[in-house]
Amino acid sequence: MKKLALAGLVVVTLTGCSSEEEPKVLNLYNWSEYMPQEVLDRFEEETGIQVVYTTYDSNEAMYARLKLLDESGDYDLALPSTYYVNKMRKEGLLEKIDRDKIEGFEKLDPELINLEIDPDNAYSVPYLWGTTGLAYDAEDIEGGEVTAWEDLWSKEYEGRVMLTNDMREVFHIGLRVLGYSGNSTDPDEIREAYEKLTELMPSVRTFNSDAPRMPYLEGETDIGMIWNGEAVMGKEDMPSLEYVYPEEGTIVWLDSFVIPKNAGNPDAAHQFISFVMQPEISALISEDIGYATPNLAARELLSEEVANDRTSYPTPEDLTNAEFQEDVGDEAMQVYTRYWEMLKSGQ
Amino acid sequence: MSRWLPKIYLTLVYVLLYLPILVLVVFSFNGSRTGYRWGGLSLEWYESLFNNHAMVQAMWNSLWLALAAATVSTIIGALTALALHRYRFRGKRMLRGMLFVVMMSPEIVLAISLLALFLLVGLQLGFVSLLLAHVTFCLPFVVITVMARLSGFDESLPEAARDLGANDFTMTRTVLIPVIMPALLAGWLLGFTLSLDDVVVSTFVSGPSYEILPLRIYSMVRVGLKPEVNALGTLLLLFSLTMLMLSQWILTRSK
Amino acid sequence: MHRVLQQPFKTAVLVLVWGWLLLLVLTPNLLVVGASVMTRDPGTFLSLPLNLDSYRQLFDPLYLDVFLNSLYMAAVTTIFCLLIGYPFAWALSGLGKQRQTLLIFLMIVPFWTNSLVRTYALKLLLATNGLINNALMGMGLIDEPLKMLYTEGAVIVGLVYLLLPFMILPLYSVFDDLRQELLMASHDLGAGKLSTFLHVTIPLTLPGVLAGVMLVLLPAMGLFFVADILGGSRNLLVGNVIKNQFLDARDWPFGAAASILLTVAMAVLLLAHRLSQRRLGEEAQT
């Protein structure tokens with residue numbers, strides 16, 4: 001008994017202390033499969049800082065988690081989408097980014113910096129941008145037919161549709177199909193979109209934002225939403241997976257590095273951002289996971305094939321009617337949330 | 001016919017129970033990447049598992065946590081069982097009742113209540129919060145295991161010890177502990193496994209400073225079919241099988 | 001002399017365990033009750049004034065539907081577990097002692113294996129390109145793969161699979177006690193098989209049934225990861241709703257109220273269990 005108790009004590013003290021002696025660590029809070037392992041390995045090799053990669057599958061989950069941990073400084077870097085940068089910045093949840101410690105900021109596409117969401121990029125550095133569009137499996141669905149979000153509502157796709165597990169994106173398509181802005185804050189429009197989406201629900205087999213390509217690859221769904229990078233990655237394993245820019249307009253987003261307030265290791269965070277900003281690394285990321293890099297120097301380094309891939313790098317025509325996601329404010333968010341819960345309950 | 005029917009039925013249920021596990025084990029040696037088709041024998045997934053930094057780290061974290069949670073809950077649980085068995089005190093029924101309620105409560109209820117507590121007192125979510133939570137849900141199981149052993153135990157022994165002038169502490173150490181040792185070990189192993197398996201409570205009370213295996217597995221499984229999960233599952237199965245056989249061996253040997 | 005020495009040991013143990021339970025069980029649960037009557041706050045999660053809005057929201061027809069559906073799924077799960085488990089426990093208790101031990105051991109093995117991994121293993125079987133569909137198509141029984149994954153049925157299969165041992169073990173323990181003595185006695189008294197079953201077996205195994213129901217029904221409403229993995233991330237269970245409120249939507253009062261609903265359900269079941277035991281005790285005495 002004594003020995004057992006002693007063993008217990010030793011265990012507790014050992015594990016209690018071990019955190020102080022650990023090597024330097026960067027806690028990266030990121031979307032699933034949104035950073036190639038190679039980049040993390042090379043960063044560790046170069047700097048000796050170990051990257052701990054934890055994942056989330058929606059901005060809401062990321063935000064709720066950061067709020068929950070509050071000022072604990074558990075995460076050093078996170079990657080919110082466009083509108084959440086704005087929200088988090090306004091709420092004082094972010095640490096200012098020290099531009100002097102960031103190398104290569106001047107290489108960023110001037111169109112993607114100094115946006116309304118974060119003037120002067122005081123709190124955020126763009127990582128990747130991308131689009132949410134339509135995907136379909138050409139083997140199971142005749143091509144050409146699928147051109148618009150509206151097509152998802154077709155009866156023949158019953159039980160074959162996939163949506164991302166992302167409240168704003170799903171409502172975006174509902175709103176666009178009705179001709180409203182995807183950033184609507186009008187409760188009536190949101191309700192109408194909800195009603196429209198309930199008609200789609202019998203067709204929906206699953207929601208997935210961890211890896212939206214997987215339900216297509218696994219043969220569970222044949223048509224639905226997807227992120228462009230996922231479509232690129234999916235096509236490698238399944239050549240019949242096609243990506244379409246829908247007529248009502250695709251959803252455009254920009255994911256940026258931010259440093260949560262009280263981050264434990266802001267220096268490592270700055271180092272990591274600079275590391276990613278190297279043209280060679282940015283190019284590697286874009287080629288590997290299929291999203292578009294905002295780094296103009298990196299775009300020069302892309303292979304022909306990737307640079308001309310309309311899925312990763314849309315042409316201006318592809319972006320007709322496209323809309324950037326914007327912050328809609330907490331009040332509208334609550335309306336969205338409520339309808340979203342109802343939608344996912346399948347009622 | 002009626003003699004065979006029950007046996008056929010039992011066999012059928014066991015087949016259904018083990019089929020998924022069998023599939024998992026077989027597919028962990030599958031060389032193909034697509035998950036469903038057989039692509040030859042391969043240890044590829046075991047290799048990629050052990051080359052995965054974060055995964056190995058999470059494995060160690062989980063083992064440490066389970067070790068600590070099982071140990072602490074065994075100590076507290078055994079003492080509680082002894083107190084319930086030996087002493088009369090006020091609120092004894094309430095104590096039993098409360099332990100029973102803890103055991104029956106849906107995990108998610110325990111999870112959010114602990115989360116609320118930890119946030120209120122400002123405890124950083126990590127090893128300590130996980131340990132407190134895991135000990136709490138393991139506790140009743142240890143108490144029950146030890147109580148079961150105590151109830152079948154000859155009352156005259158401690159009386160004799162006391163007549164010989166031993167005080168309670170000495171009596172506990174020299175007479176009781178040896179008798180309940182198998183139950184302690186069994187309780188410890190049960191606590192260890194419960195801790196290692198827990199998803200629901202850990203989802204709420206863990207932080208990035210201490211990542212544990214079930215949550216790693218959860219994020220992998222959510223991404224889709226990953227052959228590494230098969231390999232990991234097989235290893236975990238092997239591990240729990242060993243633990244379970246150990247605990248059975250201890251319990252039967254002592255009888 | 002030994003009074004004095006005995007007291008500190010006893011006191012220390014009681015303080016330790018009561019302290020633990022008060023601090024980590026009672027206080028947190030009171031906090032949840034408190035949270036459920038507060039108001040949602042986007043900044044700090046909770047704020048005053050106190051009100052019963054979240055409870056009212058629970059009975060909003062829409063959420064009520066979620067709860068009823070969750071209850072329905074849990075009930076179906078429990079019924080399946082009972083239908084499979086009852087004859088199983090009966091058949092098991094009729095075997096030789098050594099075989100029983102071995103089979104019970106085999107029943108516990110899966111229970112000691114990671115539940116996420118087992119849920120995932122089911123996915124391998126149920127998927128459209130999965131093994132069941134491959135086998136059925138290989139045998140020529142179906143032309144098109146069956147869509148089994150991401151349905152309510154898949155979630156129920158998952159829940160039954162994970163929770164079956166929790167039904168079987170308490171049932172087995174009552175059957176084990178009862179089998180020899182009472183059934184024989186009733187048989188000797190000339191009761192037919194059916195009548196024995198209806199009038200002796202069922203009432204006597206009732207506490208076991210209720211214990212099993214309790215151990216299955218409650219977790220079945222809370223196991224959110226099963227609905228996530230096998231149900232396509234839909235809010236099929238109360239557990240999903242509660243988790244979303246805390247980890248996504250940040251509506252703590254509502255999440256707390258939903259969890260209290262589960263606690264109340266547990267209390268009702270516990271009460272039923274106690275009553276059945278007490279009644280049995282009385283009958284045995286008369």
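Residues numbered from 1 in each chain as written. Chains lettered and ligands numbered in written order. Predicted model: local features only at pLDDT ≥ 70, side-chain atom pairs only at ≥ 80, totals over all residues. Heavy atoms only, no water.

## A look at the overall build of chain B
Assigned secondary structure in chain B consists of eleven helices and zero strands. Its C-alpha atoms give chain B principal-axis dimensions of about 70 × 65 × 30 Å. Buried residues in chain B amount to 59% of all 255 residues. Once local pairs closer than 6 in sequence are excluded, the contacts in chain B between residues at least 24 apart make up 72%. (Helix = DSSP H or I, 4+ residues; strand = E, 2+ residues; numbered from the N terminus. Buried < 20%, exposed > 50% of the residue type's maximum accessible area, 1.4 Å probe, protein only. Contact = heavy atoms within 4.5 Å.)

## Notes on the overall build of chain C
Summing up its helical and strand segments, chain C has eleven helices and two strands in all. In terms of overall dimensions, chain C is more spread out than a globule: its C-alpha atoms have a radius of gyration of 24 Å, far above the 19 Å expected for 286 residues. In terms of overall dimensions, chain C has a C-alpha envelope of 80 × 70 × 35 Å along the principal axes. Across the 286 residues of chain C, 54% fall into the buried class. For chain C, restricting intrachain contacts to residue pairs at least 6 apart in sequence, the fraction spanning at least 24 positions comes to 66%. Element-wise, carbon and sulfur atoms account for 71% of the exposed surface of chain C, whose accessible area totals about 12500 Å². Each charge class in chain C can be summarised by its mean position, and for the 17 positive and 16 negative side chains these summaries are 8 Å apart. (Rg over C-alpha atoms; globule rule 2.2 N^0.38 Å. Areas by Shrake-Rupley, 256 points an atom, 1.4 Å probe, with all protein chains shown as cover. Lys, Arg positive; Asp, Glu negative; His and termini not counted. Charge placed at Lys NZ, Arg CZ, Asp CG, Glu CD.)

## Comments concerning the interface of chain B and chain C
On the chain C side, the residues contacting the 89 residues of chain B number 82 residues. Overall, the association of chain B and chain C removes approximately 7700 Å² of surface from exposure, summing both partners, and the carbon and sulfur fraction of that is 81%. Salt-bridge contacts for C:Asp228 lead to B:Arg222; the nearest nitrogen and oxygen are separated by 3.5 Å. The interface formed by chain B and chain C includes eight residue pairs in polar contact (both at pLDDT 80 or more). Per-element tally for the side of chain B that touches chain C: the top contributor is helix H1 (residues 4-27) of chain B, with 15 residues. (Buried area = accessible area lost by both parts, 1.4 Å probe. Salt bridge = Lys/Arg side-chain N within 4 Å of Asp/Glu carboxyl O. Polar contact = N/O pair within 3.5 Å; in protein donor to acceptor, adjacent residues only side chain to side chain.)

## A word on the pattern of salt bridges
Evaluation of the coordinates by the stated rule reveals 24 salt bridges over all chains. A salt bridge links A:Glu242 to A:Lys235; the shortest N-O distance between them is 3.3 Å. What emerges from the salt-bridge pattern is a single network uniting A:Asp57, A:Asp210, B:Arg222, C:Asp228 and C:Lys243.

## Regarding the pairing of strand S5 (residues 124-137) of chain A
All names here are of chain A. Among the 14 residues of S5, 14 are classified as buried, and the element is accordingly described as predominantly covered. In this sheet, strand S10 (residues 251-260) lies alongside S5 in antiparallel orientation, the contact comprising eight bridges. Among the inter-strand pairings, Trp129 is bridged to a residue of S10, identified as Leu254. As defined by bridge partners, S5 adjoins strand S8 (residues 223-227) across five bridges and the pair is classed as antiparallel. Residue Leu134 lies in a different strand from S8, and its bridge partner there is Met225. Relative to strand S9 (residues 241-244), S5 runs antiparallel, the two sharing four bridges. Bridge assignment links Leu134 to a residue of S9, and that residue is Val244. (Pairing = 2+ DSSP bridges.)

## So, the environment of B:Leu184
All names here are of chain B. Along the chain, the position of Leu184 falls in helix H8 (residues 168-197). Overall, Leu184 belongs to the buried group, its relative accessible area being 2%. Considered as a pair, Leu184 and Leu251 are 67 residues apart in the sequence and their alpha carbons are 9.9 Å apart.

## Observations regarding the nonpolar core
Looking at soluble globular proteins, one finds that nonpolar side chains tend to be buried together. The biggest cluster of nonpolar side chains holds 245 residues, and the ones touching the most others in it are A:Met35, A:Tyr127, A:Phe171, A:Phe257, A:Phe272, B:Phe204 and C:Phe225. In this structure, this core is formed jointly by two domains, domain 1 (12-129 + 254-307) and domain 2 (130-252 + 318-344) of chain A, each of which donates at least three residues. Leave out the neighbours within four places in its chain, and A:Tyr127 touches A:Tyr34, A:Met35, A:Leu79, A:Asp255, A:Ser256, A:Phe257, A:Val276, A:Ile285, A:Ile289 and A:Pro294. Counting 34 residues, the second-largest nonpolar core is a separate cluster that includes B:Ala83, B:Leu95, B:Val142 and C:Val17. (Core = buried A, V, L, I, M, F, W, Y, C linked by side-chain atoms within 4.5 Å. Domains from an automatic or database assignment.)

## Looking at the interface of chain C and chain A
In this complex, chain C contributes 31 residues to the contact, which on the side of chain A involves 30 residues. Summed over both partners, the interface of chain C with chain A buries about 2600 Å², with 46% contributed by carbon and sulfur atoms. Among the residues of chain C in contact with chain A, C:Tyr150, C:Arg234 and C:Arg250 are the three that bury the most area, contributing 21% of the side total. Scanning the region where chain C abuts chain A turns up one salt bridge. For C:Asp60, the salt bridge identified is with A:Arg338, shortest N-O distance 2.9 Å.

## A word on a negative patch on the surface
A cluster of acidic side chains, namely A:Glu139, A:Asp140, C:Asp143 and C:Glu144, defines a negative patch on the protein surface. Mapped onto the elements of the fold, A:Glu139 is located in the loop between S5 and strand S6 (161-163). (Patch = residues over 30% accessible without salt bridge, like charges linked within 9 Å, V, L, I, M, F, W, Y side chains within 5 Å.)

## Focus: a nonpolar patch on the surface
Residues and elements named next belong to chain B. Side chains of Leu22, Val26, Trp38 and Leu41 sit close together on the surface and give an oily, nonpolar patch of about 460 Å² of accessible area. Mapping Leu22 onto the fold places it in helix H1. Under the relative-accessibility criterion, Leu22 is labelled exposed at 54%.

## So, unusual backbone geometry
All names here are of chain A. Phi is positive for Asn114, close to 55°, though the residue is something other than glycine. Inspection of the secondary structure assignment puts Asn114 in the loop between strand S4 (94-95) and S5. For Asn121, which is not a glycine, the phi torsion comes out positive at approximately 50°. The residue Asn121 is located in the loop between S4 and S5 in this model.

## Some words on the packing of aromatic side chains
Residue and element names in this part refer to chain A. Going through the model one piece at a time under the given rule, you end up with 27 aromatic pairs over all chains. Ring plane angle 65° and centroid distance 5.3 Å describe the contact between Phe43 and Phe275, whose orientation is recorded as edge-to-face. Taken as a pair, Phe43 in helix H2 (residues 37-47) and Phe275 in helix H9 (residues 266-277) lie far apart in primary sequence, 232 residues in all. As far as the burial class goes, Phe43 and Phe275 line up, both buried. (Phe/Tyr/Trp six-rings, centres within 6.5 Å; stacked < 30°, edge-to-face > 60°.)

Keep in mind these numbers describe shape, not what the thing actually does.
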